[in-house]
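Examination of the molecular architecture
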Amino acid sequence: MEERDKIIADLGNEYKYGFTTDIETETIPRGLNEDVVRLISQKKGEPEWLTAYRLKAYNHWLTMTMPTWAHLDIPEIDYQDIIYYAAPRTKPKLNSMDEVDPELRRTFDKLGIPLEEQMALSGVAVDAVMDSVSVKTTFKEVLAEKGIIFCSISEAVRDYPELVRKYLGSVVPYADNFFTALNAAVFSDGSFCYIPKGVRCPMELSTYFRINAAGTGQFERTLIVADEGSYVSYLEGCTAPQRDENQLHAAVVEIVVLKDAEVKYSTVQNWYPGDKEGKGGIYNFVTKRGICKGDNARLSWTQVETGSAITWKYPSCILAGDNSVAEFYSVAMTNNFQQADTGTKMIHIGRNTRSRIVSKGISAGRSQNSYRGLVRVAKGAENARNYSQCDSLLIGDKCGAHTFPYMDVQNPSAVVEHEATTSKISEEQLFYCNQRGLSTEDAVGLIVNGYAKEVLSKLPMEFAVEAQKLLAISLEGSVG
Amino acid sequence: MPAKQNLLDNYLSNIDIIGEGLPVWFNARRSDAAASLNLHGLPTAKQEQYLHSNIERLVEGEWEQYFVTRRHPDPTPLLPEADAYRVELRNGRAANEALKVSAEGAIYGSLCTAACSAEYGAIVERWLDSAADMSDATTALTRMFVQDGAFIYLPAGVEMQSPIVIDSAYHTDGESEMCFAQALVVAEESARGEVIVTHRSEGAGRIVVGFTREAIVGKAADIKITELYDLQQNCSIVNNNYITQTGKSHCATMCCKTGDGYVRAAYNTALTEPEAVSDVWALYLCSGEEHCDINMAARHLAPDCRSYSLVKGVASGTAMGSFAGMVYVAQDAQRTDAQQQSRNLLLSDTARIFTQPQLEIYADDVKCTHGATVGQLDDEAIYYMRQRGLSEQQARRLQIEGFAYDVVQHCGCPNMCRYISELTAKKLEKM
Amino acid sequence: MLSVKNLHANVGGKEILRGINLEVRAGEVHAIMGPNGSGKSTLASVLAGNEKFEVTEGEVTFCGQNLLEMSIEERAREGLFLGFQYPVEIPGVTMSNFMKMAVNEQRKHRGQEPLTAGEFLKLMREKSAVVELSSKLTSRSVNEGFSGGEKKKNEIFQMAMLDPKLAILDETDSGLDIDALRIVATGVTKLHTPENATVVITHYQRLLDYIVPDFVHVLYKGRIIHTGDKSLALKLEAEGYDWLINDYQ
């Protein structure tokens, strides 16, 4: 605890997680070509079909250009100046916690990842992905008793090739967009999770991502399959050290929810956002999509986005099964020079499907914050219902808050509603809080948390607390 | 040949005929517009404002020479009422070349005549193209070919008692024809008046209309604009409207698409000085295989302005209705109050509604809301009406009429309001 | 006039009415009371033909015709009026336009000529006086922006316009202040004749001070468990339903 406090003090409390870990990493040379793709596949000892899949994706990627439709000002990215693979050299083939590299463990301690024994109490099973390689998955045995598979995707490729082959790329095909093609070509690791028929996962599953090595990109891949009648709540956290350069993060998350199953996916994204002048920070180009494949399936995305220099992310749901239900709850906060273009897509295909979107944008400093969402009701989607609410809060007059909702309805029985409001923190509110003895910063933190409450309350307990703190920290220096 | 090249070639080979009798400055801007179109190209579905309008397909093909004045039979008079001043456009050209002065002191008539006149030439030169955005391809296209149109000038303090009607009719007997027209409305300080614009078509041939209207609303002026699209199925229109409002001005626009022809209409309002107020109401009714695409932008460029817009759409058959809205608030446009609502009714399994209300906000002390709904008729209301003895069909009709009436009632001129209501009812019969 | 025999009805698979028997003759006023959730409003809805409810058993005749085979509007045109507990707002549809259509549909049904605009306006003026409904309200959209009291007055106004044989008033007294209650109730009384009949559904005795019932029925769990005269309402007001429910069980 003391050490952590010290680190925070050293950093001037600007970016709490901005430390690097002094671990030897094994990296391959910068740049990308077919050989690099083959090398990654080979290093991971992958079967031929996966190597072929990667190469197909790579060749498709070559034909694509970066999307420019988002309300983002993206500097030129030199894809040949990125290291596509970096693994901690101390290969973690471990039997117990004690064998984990102490330096690495300290990193996770700093991150507050419950990799320790004591965390058994909080009931979180963690797969930590550092740079690109999965370090250690806790609670494997407890989960195994229920038949739940929770491991790194590399292990899954090795141990459960049928499952992986069946579902990998089934929700997000590699050709979906520029970044999914890139990810499919070079993904190095990530998490895999399978919940068998009728099983309720007894604990929250969690992945923690961290970019550590300089000049690397992170391209993890997450695949979750919830078989019929199962339930899982999945958490994802992200941090990266403070660096002057921009680092690329292009992840793909795929979720398959079968009949009567339910998946809750929560993200607290706190990649390094860059400094006050807008220098450095992560470029976060993520494709997340889930499919409610069977009838009565339920999928819920909750995200708290406070980090990254640029965020481009639209966790989406395909409501294919009849009576399926999807939700998207988002708090996106930008400060200083951060830019975010985030939202969701709800694609209604099955009958009697329902979706709900609650998006809360907060912009401060000179940041630009956009909500972009699509609600599509296909021809056969009888009785589809969607309700979207998108609110923006502006702090200061140098920032921007934008809302771009798209509604495309092809079935007359659908009811689709969208509402949006824009507001600011009023002088009266601040005065009232000041009068009761709160500092302006505390008051802003309080008001912002109140504003975001509807979304924060959807997060699992341990995450909700962290998210609240993050919101307050990220706002520092934006008022007064 | 690609449609763009075809148009540019046509322009270049007819440049002398097109610009004949018009001032040098007028034709110089024409060539600027051509350059802009050449640079930007025709819009594709990749451009968000044209996502649902295939302009390329609209303008491709062989077109009659449309630069030579030809007389067309006069269509039946629009409104059998006397209390209006009229500018009659036939395929884009004023039927009567003379400028007229109304009893209240407004000047109205042919745009071409006004541009060439000694008294008003300077006003046209000053304001024409001042609000329009030439980077918009269809605006540039119209500007490239335009030869005439309507000019309405309300000098400072003029208060109109009767509306000025721009009756724009399109006619072709068999050949495919393109027509272009531009309208300029200049309302000086504290002027008040109402402008009614009607688009209607007759004849058997295919017609594509490019229309651009600019309205310059001076300080504390109060202008009402009503626009009606009553086109036959073989007539398509691309209509770009630009309104520039200065301090404390008020401009209310109501537009209504009751005809069967394709309509792509853009209403862009720029609020450039404090305390300007803009209201826009729009209604589109699409049945059969029709398509209607409404774009609406309110640009708040100064503090303390207010804008309100309500766009209502009804689609049946295999029709498609699309709406793209934008509220833009510049950084120093503090205390903006902006509201944008899109309400849609989808009446059949094969119809489609696309709506996209957007906000782009760079100021923090603002009150901006937008909302969009797509739905169907209210079952409760239908039950209620049936309980009072109405048939289900009557109840449905009444409800749709009520839905439409919310927009139609904002027409300032009672006769026109009645006329639009009748057209609306007639259209609803088909839905 | 109305004869209900062993009426059973479901909503969403749940049985709400479980064998209702009720006879209403011309000139009579019936009150239906009962605790919340006993099925009072359901009974009104089923009689009006609300398609949300499914009749599973029983018969209903109205003026000699099988009511259950008739559509909602046929019932209305035959002279069955339902005063709604929560009248729906219909934006953009003016009261006068709506009423004109409703009155003329009914006239057509009876083989009468439609009213001319002048006759209709006269009728509107005359009937809006019955419930002291401001003429401003009749030029507005149906129920839109009306206060609770205005909505209820508007229901009685429409009843006056349509002159039904049987009026079923579903909680017409709820949400009314004492003045509005008086106006609404005296309006109903004024409309009562020996040729028509009224069924009032209410929670409170106070309405029955104005509209004196010939019969008071107590509905409980989808059945009429007790019928009495107007004194029953007073007793219920004083003692509640428990004594009846206990008896019944």
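For the structure, check the block above.
Residues numbered from 1 in each chain as written. Chains lettered and ligands numbered in written order. Predicted model: local features only at pLDDT ≥ 70, side-chain atom pairs only at ≥ 80, totals over all residues. Heavy atoms only, no water.

**Digging into the sheet that holds strand β12 (residues 223-228) of chain C**
Residues and elements named next belong to chain C. Just so we agree on the cut-off: Any two strands between which DSSP finds at least two bridges are classified as paired. Each helix corresponds to a stretch of at least 4 residues labelled H or I by DSSP, and each strand to a stretch of at least 2 residues labelled E; elements are numbered beginning at the N terminus. Lines fitted to the C-alpha atoms define the axes, with helices restricted to the stretch that makes contact. Angles between their N-to-C directions range from 0 to 180 degrees.
With respect to topology, 6 strands assemble into an open sheet ordered β6-β9-β10-β3-β11-β12, the strand pairing being mixed. The open sheet has two edge strands, β6 (80-83) and β12, and neither has a second partner. Neighbour to neighbour, the strand axes of the sheet diverge by 20° on average, direction disregarded. In this sheet, strand β10 (residues 197-201) lies alongside strand β3 (residues 29-33) in parallel orientation, the contact comprising 4 bridges.

**Here we look at the interface of chain B and chain C**
Spelled out, the test is: Note on definitions: a residue-residue contact is assigned when non-hydrogen atoms from the two residues lie within 4.5 Å. Buried area is understood as the total, over both parts, of accessible area removed when two parts are fitted together, assessed with a 1.4 Å probe. Think of a salt bridge as a Lys or Arg side-chain nitrogen and an Asp or Glu carboxyl oxygen that are within 4 Å of each other. Two N or O atoms count as a polar contact when they lie within 3.5 Å, although within protein this holds only if one can serve as hydrogen donor and the other as acceptor, and sequence-adjacent residues are included solely when both atoms are side-chain atoms. Only Asp, Glu, Lys and Arg are considered charged in this grouping, and only Ala, Val, Leu, Ile, Met, Phe, Trp, Tyr, Cys and Pro are considered nonpolar; every other residue, Gly among them, is considered polar.
In this assembly, 20 residues from chain B lie in contact with 31 residues from chain C. Across the interface of chain B and chain C, roughly 2200 Å² is buried in total on both sides, 62% from carbon and sulfur atoms. When residues of chain B are sorted by the area they lose upon contact with chain C, Y383, Y384 and R388 of chain B head the list and together hold 35% of the total. One can count 4 salt bridges joining chain B with chain C. Among the ionic pairs, E73 of chain C bridges to R386 of chain B, the shortest N-O distance being 2.5 Å. Our enumeration of links across chain B and chain C arrives at 14 residue pairs in polar contact (both at pLDDT 80 or more). Every element with two or more residues in the side of chain B that touches chain C is listed here: α8 (379-387) and α9 (392-408) of chain B. Tallied by class, the residues present in the side of chain B that touches chain C amount to 8 nonpolar, 6 polar and 6 charged.

**Observations concerning the nonpolar core**
Side chains that are nonpolar tend, in soluble globular proteins, to be buried together. Defined as follows: To form a nonpolar core, buried Ala, Val, Leu, Ile, Met, Phe, Trp, Tyr and Cys residues must be joined to one another through side-chain atoms within 4.5 Å. Each residue gets one of three labels from its accessible area relative to the maximum for its type: buried under 20%, exposed over 50%, partly exposed in between, using a 1.4 Å probe on protein chains only. Domain extents, as shown, originate in an automatic or database domain assignment.
Within the largest apolar cluster, 117 residues are counted, with the highest numbers of intra-cluster contacts made by F98, M99, L166 and I168 of chain C. When residues of this core are assigned to domains, at least three map to each of domain 1 (3-273) and domain 2 (378-431) of chain B. Look past the residues within four positions of M99 of chain C in its chain and what remains in contact with it is F120, M124, F157, Q158, M161 and L162 of chain C. Counting 108 residues, the second largest nonpolar core, distinct from the first, contains M203, L319, I357 and A401 of chain A.

Keep in mind these values describe shape, not function.
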